[in-house]
Amino acid sequence: MGRRENARETALKASCAYYAHRAYYEDLLVQRQRRWAETTKRELDFLEHAFRADATRPIKDVLDIACGTGRHVFGLARRGYQCTGLDYTPERVQIAKDRAKSAGVSVRLMQGDATRLKYENEFDAVLALYILFLLPNDDDVLKCLGQIHRALRKGGVLVCNIGNPFYAGKHWFSMDAIYKGLRVIEEHAPGIHSTEIVRLRDFDPMHGVAWWQETSIIKTPDGTHTFPDRERLRLFTYWDILHYLQAAGFKEIKCYTNWKTKPPENRKAETLIFVARKD
Ligand SMILES: C[S@@+](CC[C@H](N)C(=O)[O-])C[C@H]1O[C@@H](n2cnc3c(N)ncnc32)[C@H](O)[C@@H]1O
């Protein structure tokens, strides 16, 4: 295996371990916290707004390429869309499958890699939410966006997002976080208290790649669970994503600067959401 391939494997393995260890507990927080319910609703409202405003075909079939435990695919399925979700981490897919069964929601779910998509003209919309910064390298980002372009039907849209690295406020993914180098995130809901200590291990300012040591200490009625993991995150700018999308074949590209459906442009945005149409 070459050096590049090795680095790719290391990043993927680290990401998979991080998301596997937290799958169950993070899902508890998503299910039980009002803040998560509000965030997800805002994002779902935005997605429907983008489907109406930016696609030139009716949106029915939706693919989520990193669905996690399924908060977007379930939300959209409940709003009448036909959803397919895939995620690299099997533990997350299993939680989503169990919920689909117990809640009686019809969603197609599978384990898969966002850089190995095999679809062609199958979807009206594709979601790539909170995932691009996890992809190990440039080839992967280009492959992933190219494969999404191929998976879309003409007139369909991709919705993807990044954290804005130049955002100057408190944000889990900003230069501020990088330069402070340490964050402690406390979250709780009935039956769960999670403390995450996030320490910067390494930052490559030339390539915009950060390795974080993320230790979660989770208290639930059955005990205390500690997971020390590493996560590799890549910082992207507006221009990076714009050019990646263009290279993948998208021509009509809009950038929203928040999850509101009637957005005033916010140049100091915390998150940048791209809606790109296949023409
Ligand atoms: C920050 S979470 C976001 C999950 C979901 N989109 C959401 O907003 O709740 C990132 C997800 O990406 C998944 N992931 C990481 N690398 C992946 C890859 N190469 N292909 C598919 N999923 C991947 C992780 O397992 C994790 O569930």
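Before any of the text, the structure's been laid out above.
Residues numbered from 1 in each chain as written. Predicted model: local features only at pLDDT ≥ 70, side-chain atom pairs only at ≥ 80, totals over all residues. Heavy atoms only, no water.

Some remarks on the overall build of the chain
Right, on to step 1. Looking only at helices and strands, the chain has 7 helices and 11 strands in total.
Right, on to step 2. Whereas a compact globule of 279 residues would reach a radius of gyration of roughly 19 Å, the chain reaches 18 Å, a difference of no more than 12%.
Right, on to step 3. Reported as C-alpha extents along the three principal axes, the dimensions of the chain are approximately 50 × 45 × 45 Å.
Right, on to step 4. Going through the 279 residues of the chain one by one, you find that 58% of them count as buried.
Right, on to step 5. For the chain, restricting intrachain contacts to residue pairs at least 6 apart in sequence, the fraction spanning at least 24 positions comes to 67%.
Right, on to step 6. Approximately 13600 Å² of the chain is accessible, and the part contributed by carbon and sulfur atoms is 51%. (Helix = DSSP H or I, 4+ residues; strand = E, 2+ residues; numbered from the N terminus. Rg over C-alpha atoms; globule rule 2.2 N^0.38 Å. Buried < 20%, exposed > 50% of the residue type's maximum accessible area, 1.4 Å probe, protein only. Contact = heavy atoms within 4.5 Å. Areas by Shrake-Rupley, 256 points an atom, 1.4 Å probe, with all protein chains shown as cover.)

Comments concerning the sheet that holds strand 8 (residues 209-220)
Right, on to step 1. Spatial strand order, 6-7-8-9: 4 strands in an open sheet with antiparallel pairing. Only two strands of the sheet have a single partner each, and these edge strands are strand 6 (182-189) and strand 9 (223-234). Neighbour to neighbour, the strand axes of the sheet diverge by 20° on average, direction disregarded.
Right, on to step 2. Together, strand 6, strand 7 (192-204), strand 8 and strand 9 form the strand contacts of helix 1 (residues 3-32), whose direction differs from that of strand 9 by roughly 130°. (Pairing = 2+ DSSP bridges. Axes fitted to C-alpha atoms, helices over the stretch in contact; angles between N-to-C directions.)

Digging into the side chain of Arg 71
Right, on to step 1. Tracing the sequence through the fold places Arg 71 in helix 3 (residues 71-78).
Right, on to step 2. At a separation of 2.8 Å, a polar atom in the side chain of Arg 71 contacts the side chain of Thr 40.
Right, on to step 3. With sequence-adjacent residues up to four places away left out, Arg 71 is seen in contact with Val 30, Trp 36, Thr 39, Thr 40, Glu 43 and Tyr 130. (Polar contact = N/O pair within 3.5 Å; in protein donor to acceptor, adjacent residues only side chain to side chain.)

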